[in-house]
Amino acid sequence: MTVLLFCSRRSQELVCRGSMSSPLLARKGRQQQRYDNQLRLVAGCIPYKLNNIDGDNQSCDLLDRVEVLMVTSPGRLDLVFPKGGWENDETAGEAACREALEEAGVRGTLNDTALGVWEFRSKSTQKACSLEGTCKGYMFALEVTEELDCYPEKDSRDRKWVPVGEAYKLCRYDWMRKALDSFKDLLRGRRIPTVPELSEPPSLCIVKPSAADHAIALC
C-alpha cells in the first residue's frame with residue numbers, strides 16, 4: 001500500500017494531507033519513476049514554520065521568525081531537505097508533499113511556485129563520470145500545519161527544526177543553499193523565475209510516453 005494524498009487548490013497553493021483511512025507507508029521501487037533522458041526526476045520541499053514574536057525577538061524581518069525542517073539521510077548524520085522520486089501518477093507538487101510526509105512526517109500547504117530546478121548526483125554516485133545516478137530536482141516551499149509522531153521513515157531518519165541562517169551552514173551541497181536563496185525570495189514576495197516544464201495548467205499532468213504507453217494522464 002502507499003500513502004494517499006488528497007490535494008486541492010487554494011489561491012495557487014496545494015493543500016496536502018495523508019489519508020486517515022490507510023496506514024502511512026512509504027512507496028517502494030521505481031516502477032513509476034519519471035526520467036528526462038537519463039536524469040532521474042525528483043521533487044522535494046523546504047518545510048517551514050513561522051514562530052510567534054516573543055519578548056526576546058522583536059525583529060521586523062519575517063525570516064527571523066522562520067525555522068526550516070531538515071532530516072538526516074539513512075545511515076548518515078548530515079542534514080538535507082525531504083525529497084525523492086517524482087512518479088508518473090502525480091504532479092511534482094504532489095510528489096513533494098508525499099516525500100515530506102514519508103521522510104519528515106509533516107503535512108501542510110505547498111506553494112506551487114517552484115523554487116527552482118537543480119541537477120545533482122545521488123550520494124552513491126558522487127565520483128561517477130557518466131550521467132547514471134544524476135538527478136534533476138524540483139523544490140518547493142511547504143508551510144507546515146501538522147507534525148506527526150509516527151510516519152513511514154521515522155526509524156531511519158532524524159528531523160531537526162533550525163533557523164534559516166543555520167540551515168545554510170548545515171547544507172551539504174551548493175544546490176541546497178541556492179534553493180534556500182529562492183525560498184527567502186519567495187517569503188519576501190520577490191519574483192522567482194518560472195520553471196518552464198512546470199508551467200502547464202495545474203490540473204494536467206503530462207506523462208512522458210514510452211514505447212508501450214502513449215498517454216496524457218489527468219491528475
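Look above for the structure.
Residues numbered from 1 in each chain as written. Predicted model: local features only at pLDDT ≥ 70, side-chain atom pairs only at ≥ 80, totals over all residues. Heavy atoms only, no water.

A. Fine view of the nonpolar core. Counting residues in each nonpolar core, the largest one holds 50 residues, and the members touching the most others are I46, V68, F81, L115 and F183. Sequence-distant contacts of L115, defined by excluding residues within four places in its chain, comprise I46, M139, F140, A141, A179, S182, F183, L186 and I192. (Core = buried A, V, L, I, M, F, W, Y, C linked by side-chain atoms within 4.5 Å. Buried < 20%, exposed > 50% of the residue type's maximum accessible area, 1.4 Å probe, protein only. Contact = heavy atoms within 4.5 Å.)

B. Structural context of the pairing of strand β5 (residues 66-72). In terms of residue burial, β5 counts as a mostly covered element, since 7 of its 7 residues are buried. Going residue by residue along β5, you find V66, V68, M70 and T72 tucked away on one face and E67, L69 and V71 tucked away on the opposite face as well. Summarising the sheet, strand β4 (residues 39-50) and β5 pair through 3 bridges and their orientation is antiparallel. Residue pairing for β5: Y48 is matched across the bridge by V68. Where β5 lies against strand β10 (residues 159-163), 5 bridges are found, and the strand directions are antiparallel. Among the inter-strand pairings, L69 is bridged to a residue of β10, identified as W161. Strand direction decides the pairing type here: β5 and strand β6 (residues 79-80), joined by 2 bridges, are antiparallel. From the neighbouring strand, V71 faces β6, where its bridge partner is V80. Two successive antiparallel strands, β5 and β6, enclose a turn made up of 6 residues, where G75 displays a positive phi of approximately 80 degrees. (Helix = DSSP H or I, 4+ residues; strand = E, 2+ residues; numbered from the N terminus. Pairing = 2+ DSSP bridges.)

C. Region of the structure containing unusual backbone geometry. Located in the positive-phi region is N37, a residue other than glycine, with phi close to 55 degrees. Mapped onto the elements, N37 comes out in the loop between β3 (35-36) and β4. Residue classification places N37 among the exposed residues on the basis of a relative accessible area of 65%.

D. Local environment of the packing of aromatic side chains. On inspection of all chains with the given rule, the structure shows 4 aromatic pairs. Pairing Y48 with F183 gives two aromatic rings, centres 5.2 Å apart and planes at 65 degrees, and the pair type is edge-to-face. Of the two residues, Y48 is situated in strand β4 and F183 in helix α3 (residues 174-187); the sequence distance between them amounts to 135 residues. As far as burial versus exposure is concerned, Y48 and F183 are alike and both buried. Ring geometry for F120 against W175: centres 4.4 Å apart, planes inclined by 5 degrees, an arrangement best described as stacked. With F120 in strand β8 (residues 106-121) and W175 in helix α3, this residue pair connects regions lying 55 residues apart in the sequence. By way of ring pairs, the aromatic residues W118, F120 and W175 are connected into one cluster. The cationic tip of K49 hangs over the ring face of W161; the distance from NZ or CZ to the ring centre is 4.4 Å. (Phe/Tyr/Trp six-rings, centres within 6.5 Å; stacked < 30°, edge-to-face > 60°. Lys NZ or Arg CZ within 6 Å of the ring centre and 35° of its normal.)

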